[in-house]
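Chain by chain, the residues:
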Amino acid sequence: MTDVGVKFLEALRAKMMIDDEWTQQRERGFTWWAFRLAQHFEVDPPVFDGVIDIYAVRIWTETVRNVDPAANPATMIALANIHQDLNATVWDPDTATISECCTTYVNEENFEWMANLVAAAAVIQNSAAHSRAHALADTCGGVPAASDHPVMGFRPEMDDVLNVPEQVVVPMGAEPSRFAGPGMAKVVDFLTHVGIAGSSDETEVRFSLPFCDHDTEMALIAAGKNPPMSHGQILADVPHPQVGNGALTLMWPPSHPDFENPAALANALNHAEAHCESGVPLLGAWCPDPTAEDGTGLAFCSFLPNLVARPGLIANQVLYLRRRSAFAAHWLWQRTADDREHS
């Protein structure tokens with residue numbers, strides 16, 4: 001039988017034009033040196049969800065190593081995550097590293113369009129890691145995570161794929177948003193169909209999502225209580241400072257005591273999602289709420305550049321955020337329970 005996960009990695013290699021010469025293969029993944037930093041691709045064995053096999057995919061580029069925890073790296077990378085597009089900058093205190101990360105979940109039905117989206121995310125990730133490695137290393141007391149291919153050694157010239165953001169993504173971003181228009185205005189019909197309260201017009205979608213799992217939501221409603229809600233917004237008229245026009249996605253969970261240290265909390269959530277704990281693609285990043293005047297609050301931010309525009313992608317983002325809101329609520333509950341147990 002065909003392993004869709006392995007086939008997906010092969011599709012990414014073809015779309016990114018990854019050369020075999022600078023690749024190290026392993027059973028369910030590979031590492032590639034586009035230049036000085038190693039980018040890793042891995043896919044898990046399938047998990048049957050009752051209908052179809054699902055494969056978790058992780059992609060990360062090592063950016064900084066020997067990070068000094070005293071430099072408060074979670075705060076240092078928070079600004080990068082506020083302005084992320086399809087990746088998250090993640091500090092791992094256990095390995096003293098900072099990496100650019102994204103994840104997805106693939107199956108036979110979403111294979112082709114997801115491959116196009118994730119290939120773009122992986123290219124942007126690799127280029128971003130190379131561009132910010134030295135600055136992050138300086139601010140976080142580490143060193144750029146440069147490494148050599150175990151056989152080929154030092155790669156003297158960078159692969160042309162690292163120029164794609166500047167030569168392709170940015171010029172396409174100079175065009176009007178490919179997400180704006182009648183398709184976005186009709187997203188309200190999708191919201192109604194899936195039971196999400198919201199509204200939409202040609203440049204904006206607004207919606208509310210339960211900050212709890214489905215069973216808890218139903219139990220609260222049955223008891224005559226309102227479930228806690230996250231609020232989401234997708235904007236097609238707010239350009240990204242680096243890649244230009246597209247669609248900005250934002251989600252704000254309801255207030256929580258842990259939000260007083262949003263940078264540390266955002267990094268912990270990004271770390272969990274980078275290890276596929278949420279069950280939803282990580283194509284963006286948790287970060288301190290960029291709209292909060294008091295310096296507290298948490299948000300999830302993502303930006304879809306014009307390059308990846310396709311019908312239905314805005315609806316997909318809403319569904320991802322619904323699952324992400326429930327995950328974050330459970331994650332915070334578990335974190336609080338663990339703190340009580342060890343106090």
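This text follows the structure it describes.
Procedures and definitions
- Residues numbered from 1 in each chain as written.
- Predicted model: local features only at pLDDT ≥ 70, side-chain atom pairs only at ≥ 80, totals over all residues.
- Heavy atoms only, no water.
- Helix = DSSP H or I, 4+ residues; strand = E, 2+ residues; numbered from the N terminus.
- Buried < 20%, exposed > 50% of the residue type's maximum accessible area, 1.4 Å probe, protein only.
- Areas by Shrake-Rupley, 256 points an atom, 1.4 Å probe, with all protein chains shown as cover.
- Pairing = 2+ DSSP bridges.
- Axes fitted to C-alpha atoms, helices over the stretch in contact; angles between N-to-C directions.
- Parallel < 35°, antiparallel > 145°, perpendicular 65-115°, else oblique.
- Left-handed = near helix turned anticlockwise from the far one by under 90°.
- Contact = heavy atoms within 4.5 Å.
- Nonpolar A, V, L, I, M, F, W, Y, C, P; charged D, E, K, R; others polar.
- Salt bridge = Lys/Arg side-chain N within 4 Å of Asp/Glu carboxyl O.
- Patch = residues over 30% accessible without salt bridge, like charges linked within 9 Å, V, L, I, M, F, W, Y side chains within 5 Å.
- Lys, Arg positive; Asp, Glu negative; His and termini not counted.
- Charge placed at Lys NZ, Arg CZ, Asp CG, Glu CD.
- Arc of directions from axis to C-beta.

Trainee: Looking at this structure, I do not really get the overall build of the protein chain. What am I missing?
Mentor: In terms of regular secondary structure, the protein chain is built from 9 helices and 14 strands. Expressed along its principal axes, the backbone C-alpha trace of the protein chain runs to roughly 65 × 50 × 45 Å. The buried share among the 343 residues of the protein chain stands at 52%. A total accessible area of about 15700 Å² is found for the protein chain, and carbon and sulfur atoms account for 54% of it.

Trainee: Help me understand the pairing of strand β11 (residues 229-235), please; the structure alone is not making it clear to me.
Mentor: Consecutive residues of a regular strand have side chains that alternate between opposite faces of the sheet. The buried count for β11 comes to 5 of 7 residues, which makes it a mostly enclosed element. Here strand β10 (residues 204-210) pairs with β11 via 7 bridges, running antiparallel. Opposite F207, over in β11, you have G232 as the bridge partner.

Trainee: What exactly am I supposed to notice about the packing of helix α1 (residues 4-16) against helix α3 (residues 111-140) here?
Mentor: Helix packing for two helices is described by the angle between their axes and how far apart those axes are. Where α1 meets α3, the axes come as close as 9 Å, and the angle between the chain directions of the two elements is 55 degrees. As judged from the angle between their axes, α1 and α3 are oblique. Considering how the two elements wind past one another, α1 and α3 form a crossing that is right-handed. Along its contact with α1, which presents V4, K7, F8, A11, L12, K15 and M16, the element α3 presents F111, E112, M114, A115, N116, V118, A119, A122 and V123. Its residues assigned to classes, the contact of α1 with α3 comprises 12 nonpolar, 1 polar and 3 charged.

Trainee: What exactly am I supposed to notice about the pattern of salt bridges here?
Mentor: Between side chains of opposite charge, a pair can form as their charged atoms come close. A full pass over the atoms with the stated rule returns 13 salt bridges. Across the salt bridge formed by R58 and D44, the nearest N and O atoms sit 2.9 Å from each other. One end of the pair, R58, is in strand β5 (residues 53-65); the other, D44, is in the loop between β3 (38-43) and β4 (47-48), with 14 residues separating them in the sequence. In this structure, the salt-bridge partner of R155 is D159, at a minimum N-O distance of 3.3 Å. Assessed through its relative accessible area of 12%, D159 is described here as buried.

Trainee: Looking at this structure, I do not really get the pairing of strand β2 (residues 29-33). What am I missing?
Mentor: For β2, the buried fraction is high: 5 of the 5 residues fall into the buried class. Residues of β2 alternate between two faces, with G29, T31 and W33 on one and F30 and W32 on the opposite face, all of them buried. Bridge analysis of strand β1 (residues 23-26) against β2 gives 4 bridges, and the strand direction is antiparallel. Among the inter-strand pairings, T23 is bridged to a residue of β2, identified as W32. In sequence, β1 turns back onto β2 through a hairpin of 2 residues. The turn joining β2 and β3, which pair antiparallel and follow one another in sequence, is formed by 4 residues.

Trainee: Even after reading the chapter, I still don't get a negative patch on the surface, so can you show me in this structure?
Mentor: Together, D49, D53, E108 and E109 give the surface a local cluster of negative charge. Mapped onto the elements of the fold, E109 is located in the loop between β7 (97-106) and α3.

Trainee: What's the story with the sheet that holds strand β13 (residues 285-288) in this structure? I'm lost.
Mentor: Adjacent strands of a sheet form backbone hydrogen bonds with each other and so pair up, either parallel or antiparallel. Spatially, 6 strands are ordered β9-β10-β11-β12-β14-β13 in an open sheet, and the strand pairing comes out antiparallel. Because the sheet does not close on itself, it has two edges, and the strands there are β9 (198-200) and β13. Shown here is a sheet whose adjacent strand axes are inclined to one another by a mean of 20 degrees, direction ignored. On top of the sheet, helix α8 (residues 262-274) reaches β13 and β14 (298-305); it is set at about 175 degrees to β13, its chief contact.

Trainee: What should I look at first to understand unusual backbone geometry in this one?
Mentor: Where the residue is not glycine, phi is negative for most of them; where a peptide bond is considered, it is trans in most cases. Located in the positive-phi region is A96, a residue other than glycine, with phi close to 55 degrees. In this structure, A96 sits in the loop between β6 (88-92) and β7. For A96, a relative accessible area of 21% translates into the label partly exposed. Residue C276 is not a glycine yet carries a positive backbone phi of 60 degrees. Within the secondary structure layout, C276 lies in the loop between α8 and β13.

Trainee: Explain helix α4 (residues 164-173) here, please?
Mentor: Given 3.6 residues to a turn, an α-helix orients residues that are three or four positions apart in the same direction. Those residues of α4 that sit buried are P165, V169, M172 and G173. Buried residues along α4 cover an arc of 110 degrees about the axis, so they all sit on one side. Relative to its buried face, α4 has exposed residues pointing more than 90 degrees away, namely E166 and Q167. On its buried face, α4 is in contact with α3 and β14.

Trainee: Help me out: how do you make sense of the side chain of S127 in this one?
Mentor: Here S127 shows up in helix α3. A relative accessible area of 17% places S127 in the buried class. In this structure, S127 is in contact with L162 and P165, ignoring residues within four places of it in sequence.

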